[in-house]
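# Survey of secondary and tertiary structure
Residue-level listing of the chains:
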Amino acid sequence: MIFSRTAIWVAGILLSTLSAAQAQPRRTNRLTREEYIDRYKSIAVAQMERYGIPASITMAQGILESDSGNSRLSLESNNHFGIKCKRNWTGPKVYHDDDAKDECFRAYESVEASYHDHAVFLDTQPRYDSLFAYSATDYKSWARGLKAAGYATAPDYAQRLVRLIESHKLYLLDQPDGERLYVSGVRGKSDPDEWFASQSSVSGHGTLFDPDNFRVTINAHEGYNVYATNGVHYVLAKENDTFESIGKKFRISAGNLRKFNDLKRSRRVQPAAGDVIYIERKKAGWGGNARQHICREGETAHAVGQSYAIRTRSLEKLNRLKKGVRLESGREIRIK
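All of the points below concern the structure found in this document. Just so we're clear, the structure is a prediction, and the values are computed from it rather than from any experiment.

Now for the overall build of the protein. Secondary structure summary: the protein contains 13 helices and eight strands in total. For the protein, buried positions account for 43% of its 336 residues. Taking the contacts inside the protein whose residues are at least 6 apart along the sequence as the reference set, 58% of them involve residues at least 24 apart.

Three- or four-residue spacings in an α-helix give side chains the same orientation, since the helix completes a turn every 3.6 residues. For helix α10 (residues 243–250), the full list of buried residues reads Phe243, Ile246, Gly247 and Phe250. In a view along the axis of α10, the buried residues occupy a sector of 100°, so they form one face of it. Directly beyond the C-terminal end of α10, a positive phi value near 55° is found at Arg251.

Attention now moves to the nonpolar core. Ranked by internal contacts, the top residues of the largest apolar core, which has 49 residues, are Met59, Tyr115, Leu122, Tyr128, Leu146, Tyr151 and Leu170. Elements with a contribution of two residues or more to this core: α2 (33–51), α3 (55–66), α5 (111–124), α6 (139–148), α7 (157–167) and α8 (178–187). In this structure Tyr151 touches Gln61, Glu65, Phe81, Ile83, His118, Phe121, Leu122, Arg127, Tyr128, Leu146 and Tyr157, once residues within four positions along its chain are discounted. Core analysis: the next-biggest nonpolar cluster, separate from the first, contains 14 residues, Ala237, Ile252, Ala254 and Phe260 among them.

Right, let's get into the pattern of salt bridges. For the coordinates displayed, the defined rule picks out 12 salt bridges. The salt bridge partner of Glu76 is Arg72, with a shortest N-O separation of 2.9 Å. Pair noted here: Glu76 and Arg72 are both in helix α4 (residues 72–77), with a separation of four residues, about one helical turn. One salt bridge connects Glu244 with Arg258, and the closest N-O pair in it is separated by 3.3 Å. Residue Glu244 is found in helix α10, and its partner Arg258 is found in helix α11 (residues 254–260); the two are separated by 14 residues along the sequence.

A few words on the environment of Ala273. Tracing the backbone shows Ala273 in the loop between α11 and β6 (276–278). Distance in space between the C-alpha atoms of Ala273 and Ala237 is 5.0 Å, their sequence separation being 36 residues. For Ala273, the contacting residues outside a window of four places in its chain are Ala237, Lys238 and Glu239.

Among the secondary structure elements, Leu318 is positioned in helix α13 (residues 312–319). Here Leu318 falls in the partly exposed class, since its relative accessible area comes to 26%. Each C-alpha atom, one on Leu318 and one on Arg334, is 6.8 Å from the other, the two residues being 16 residues apart in sequence. Non-local contacts of Leu318, meaning those with residues more than four positions away in its chain, are made with Arg334, Ile335 and Lys336.

Take the pairing of strand β4 (residues 224–229) next. The side chains of a regular strand alternate, residue by residue, between the two faces of the sheet. In this structure, β4 lies alongside strand β5 (residues 232–236), joined through three bridges in antiparallel fashion. Residue pairing for β5: Ala228 is matched across the bridge by His233. Here β4 folds back onto β5, and the loop between the two strands holds two residues, one of which, Asn230, carries a positive phi near 60°.

So, how was this worked out
Residues numbered from 1 in each chain as written. Predicted model: local features only at pLDDT ≥ 70, side-chain atom pairs only at ≥ 80, totals over all residues. Heavy atoms only, no water. Helix = DSSP H or I, 4+ residues; strand = E, 2+ residues; numbered from the N terminus. Buried < 20%, exposed > 50% of the residue type's maximum accessible area, 1.4 Å probe, protein only. Contact = heavy atoms within 4.5 Å. Arc of directions from axis to C-beta. Core = buried A, V, L, I, M, F, W, Y, C linked by side-chain atoms within 4.5 Å. Salt bridge = Lys/Arg side-chain N within 4 Å of Asp/Glu carboxyl O. Pairing = 2+ DSSP bridges.

Set out below in structure tokens:
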């Protein structure tokens, strides 16, 4: 059979066009944000439970970085978080124009693998260490911290994450039973505010409350459980800990740690094993419903403040106490 040059040329063009079409990722209709959230929210919650990264942050980053799963990078390589190869990446790669031409990005066998690698990436990169001092419900601090650590170059990156979280009520995913809360809150099947009110650990009748009996682990970092009282995060000192050693792990100066815990700035002051060490500034009063604390034998305003995450000076002013005075057993002092 003899073909003309024209026929051969046309056939070549058709073959090239077909090959190019086959090389393009197969797409159906674009995913909406709501569809993207419904499809991947369970993965985000699972990573939060394992690593302590807010599910709302993971979902917002996924939406933003992958255009709700519609970007070329996410379709071609399942990369939903824009993570580049870096030196230690030994897995599959794709090349994509971003800040520069033909930059190397990680490729994954599944979207689930991308979500898992995102969590591992944040957990193992030293520049993100300080984020893990925040609660998994503190999405605003996480958003600001991601921007400050250089996750993205956009100047409004933190604001964009927060807007996504709040406009789609993704913060509901960060709570216990978050998936149910999200479905209820977004689709109007129940009132999530009523659920939040029912979770309060302090009764509404002014019952005296000892926060030491309600110590709940919020997160874990560098071998320390991170707890919260009165909305303030703290750890328990270990044997041979110093403010310098704790500060190094949480990227806080020893001087600031002493200041947060109402201690003298002298280097001679060091924690004992089991001491509560706040890793952020305490508050001026108690945020719960209780108004009074019944003192134990030998307690001081400082000791009470360490239990409730209240500044020592605030307690002394509130109760007209002299600095350092020991309180008699059974005495009631105001905490708000």
